[in-house]
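Geometric and topological summary
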Amino acid sequence: AQSVTQPDARVTVSEGASLQLRCKYSYFGTPYLFWYVQYPRQGLQLLLKYYPGDPVVQGVNGFEAEFSKSNSSFHLRKASVHWSDWAVYFCAVRGNMGYKLTFGTGTSLLVDP
Amino acid sequence: EAAVTQSPRNKVAVTGGKVTLSCNQTNNHNNMYWYRQDTGHGLRLIHYSYGAGSTEKGDIPDGYKASRPSQENFSLILELATPSQTSVYFCASGDQNTEVFFGKGTRLTVV
């Protein structure tokens, strides 16, 4: 069965500092991986997606993520965090032939001014 | 722009009552999903569909039914609502080679 683990329920960073949010996936086969962001009382919006190819993918607002098959990871990074990045971030996995999208439990990002 | 519309946006139901949450997508996507979101659990998949007339059980289907009468519409049905089903429900649509697009959510309170 496919699954996603986001080990950090909450991360606090200072504005302007760099950020890494961790994501580990479990999937037997070729995974498609996603990072979504949820702002307060809103739905989820796609930040970036990985389809098999270049392991480093770029997303919106300066976010990027790196796929590692050996580590079964898809960590999200940003070089300089802005206060508007305060949100909940979800990692998700789907198979290349599957329909089922499975999410992690999310990481709440808090930004210190 | 891809659009997924949920109705109602807010609902208060009584225990034992029937609740229907509706979802409409104008993306012509084959796949549609119903998730619930609870603190500490993230998003959990209840039911999904890969086309009109099909429904599949997700990870937590107990107490829920789904209906996909057309490509555009996908409903989630609670025949006998319970307080444990108080949650925020999200509908989504997508295809094999596209991202999944989400609606704005329905906040359901069962009293």
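**A look at the environment of Tyr50(B)**
In this fold, Tyr50(B) is placed in the loop between strand S5 (42-49) and strand S6 (56-57). Distance from Tyr50(B) to Tyr33(B), taken between C-alpha atoms, is 8.9 Å for residues 17 residues apart in sequence. Ignoring sequence-local partners within four residues, the contact set of Tyr50(B) consists of Tyr99(A), Asn30(B), Asn31(B), Glu56(B) and Arg68(B). A distance of 3.3 Å separates polar atoms of two side chains, one belonging to Tyr50(B) and the other to Glu56(B).

**A short note on the packing of aromatic side chains**
All names here are of chain A. Applying the stated criterion across every chain yields a total of 16 aromatic pairs over all chains. Judged by centre distance (6.2 Å) and plane angle (80 degrees), the ring pair of Phe-34 and Tyr-51 falls under edge-to-face. Residue Phe-34 is located in strand S5 (residues 31-38), and its partner Tyr-51 is located in the loop between strand S6 (44-50) and strand S7 (56-58); the two are separated by 17 residues in the primary sequence. What makes Tyr-51 partly exposed here is its relative accessible area of 23%.

Cut-offs used in this document
Residues numbered from 1 in each chain as written. Chains lettered and ligands numbered in written order. Predicted model: local features only at pLDDT ≥ 70, side-chain atom pairs only at ≥ 80, totals over all residues. Heavy atoms only, no water. Helix = DSSP H or I, 4+ residues; strand = E, 2+ residues; numbered from the N terminus. Contact = heavy atoms within 4.5 Å. Polar contact = N/O pair within 3.5 Å; in protein donor to acceptor, adjacent residues only side chain to side chain. Phe/Tyr/Trp six-rings, centres within 6.5 Å; stacked < 30°, edge-to-face > 60°. Buried < 20%, exposed > 50% of the residue type's maximum accessible area, 1.4 Å probe, protein only.

This is a description of form; function is not addressed.
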